[in-house]
Amino acid sequence: MKYYLFIAIVWFGFHDLYSQKRLDNTHIKCQYRFLYTKDTLSQKKEDDLLILQIGTTISKCYSHYSNQVDSILALPNYYEIMREHLNNAFSKKKINTNDYPHKRMKTYVYKNYPQRKMTVTDGLSLQDYIYEDELNAQDWQISDSIKTILDYPCQKAECTFRGRQWIAWFASDIPVSDGPWKFGGLPGLIMEVHDLKQQYYFMIIGLQKVEKEPIVFSQTYVGSKKFEKTNRKDFLKAQKRYLMNMSGYIELETGIDLGSNSPQKVMRYDLIELDYK
């Protein structure tokens, strides 16, 4: 069953890949482990795997796990596949989140698309959004500190970016001005970057040269199946409202009462960008 499911996902993945808009071809592919603090009181951490595809002019960064779910949702029988995964997971005595496909970071970042800008898509509940952002918006201060990551000598850089202080390590021997998430603008690939409190931590774990792997603009398969246009700060404000009152947000979208009259929870999750106020 798992073998045929894998074949179906891979086949449809390639079919869907070539049916979407091709933006560029990947020359360098990076994998980053992304750790972030889900609960600032308990210090509970969430783990993700980010993929960075770097092309000639455009790059794309996204969560491997979220993309995996999107690939399933693109299948005509996605409901049966997801139900099968959930049934298998809930049949176990102890449920592990790795036992079934689920989205983690929903953000897709397209750098230099359009030219000298950045396009970001992200999701809240049953709707995906799209907005334009600045490219290379960090004002880095480079120091002489050196350390080795994946056998590459890396130099230290620091910046204050949208409410957080960030520390990055970049490899000049890999002459691409890029990095995970929205980071870039240094004279080399960013191999590691984290905020001062280490609530958000990106660490490269894989790096390879590839050929003929297209960079495509990923579609949305939830809600209206169309991206709703917004701007960055409005999206962040909506994201905070959603995290403060998920049931109320879902009720507003669907009309289903999930108990939204209960008191709102204390915000125990800090957004990665804090300049939305």
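Because the structure is predicted, anything quoted here is derived from the model rather than measured.

Enquirer: I'm lost on the nonpolar core in this one. Help?
Expert: If you look at soluble globular proteins, the nonpolar side chains tend to sit buried side by side. W140, W166, F183, L189 and F202 are the most contacted members of the largest nonpolar core, which has 49 residues in total. Those residues in contact with F183 that sit more than four places away from it in its chain are K111, Q138, W140, F161, W166, D178, I190, V193 and F202. If you look at the next biggest cluster of nonpolar residues, it comprises nine residues, including L23, Y62, Y110 and F217.

Enquirer: What is the right way to look at helix 2 (residues 64-73) in this model?
Expert: An α-helix turns once every 3.6 residues. As a result, residues three or four positions apart point the same way. Buried residues of helix 2: S66, V69, D70, I72 and L73, and no others. When helix 2 is viewed along its axis, its buried side chains cluster within an angular range of 160° and face the same direction. One side-chain oxygen at the N-terminal end of helix 2 lies 3.2 Å from the backbone nitrogen of Y65; it belongs to S63.

Enquirer: It is not clear to me how the sheet that holds strand 9 (residues 164-171) should be interpreted in this structure. Could you clarify?
Expert: Paired through their backbone hydrogen bonds, the strands of a sheet run either parallel or antiparallel. One open sheet holds the twelve strands; their spatial order is 7-8-9-10-11-1-2-3-4-5-6-12, and the pairing between them is mixed. Among the strands making up the open sheet, the edge pair consists of strand 7 (141-149) and strand 12 (228-229). Where strand 9 and strand 10 (residues 189-195) come together, six bridges link them in antiparallel fashion. By the bridge assignment, W169 is partnered in strand 10 with E192. Sitting on the sheet, helix 2 is in contact with strand 2 (44-55), strand 3 (59-63) and strand 4 (108-111), with an inclination near 85° to strand 3. Strands strand 5 (117-124) and strand 6 (127-134) of the sheet are contacted by helix 4 (residues 232-244), whose axis makes an angle of about 20° with strand 5.

Each value, and the rule that gives it
Residues numbered from 1 in each chain as written. Predicted model: local features only at pLDDT ≥ 70, side-chain atom pairs only at ≥ 80, totals over all residues. Heavy atoms only, no water. Core = buried A, V, L, I, M, F, W, Y, C linked by side-chain atoms within 4.5 Å. Buried < 20%, exposed > 50% of the residue type's maximum accessible area, 1.4 Å probe, protein only. Contact = heavy atoms within 4.5 Å. Helix = DSSP H or I, 4+ residues; strand = E, 2+ residues; numbered from the N terminus. Arc of directions from axis to C-beta. Polar contact = N/O pair within 3.5 Å; in protein donor to acceptor, adjacent residues only side chain to side chain. Pairing = 2+ DSSP bridges. Axes fitted to C-alpha atoms, helices over the stretch in contact; angles between N-to-C directions.

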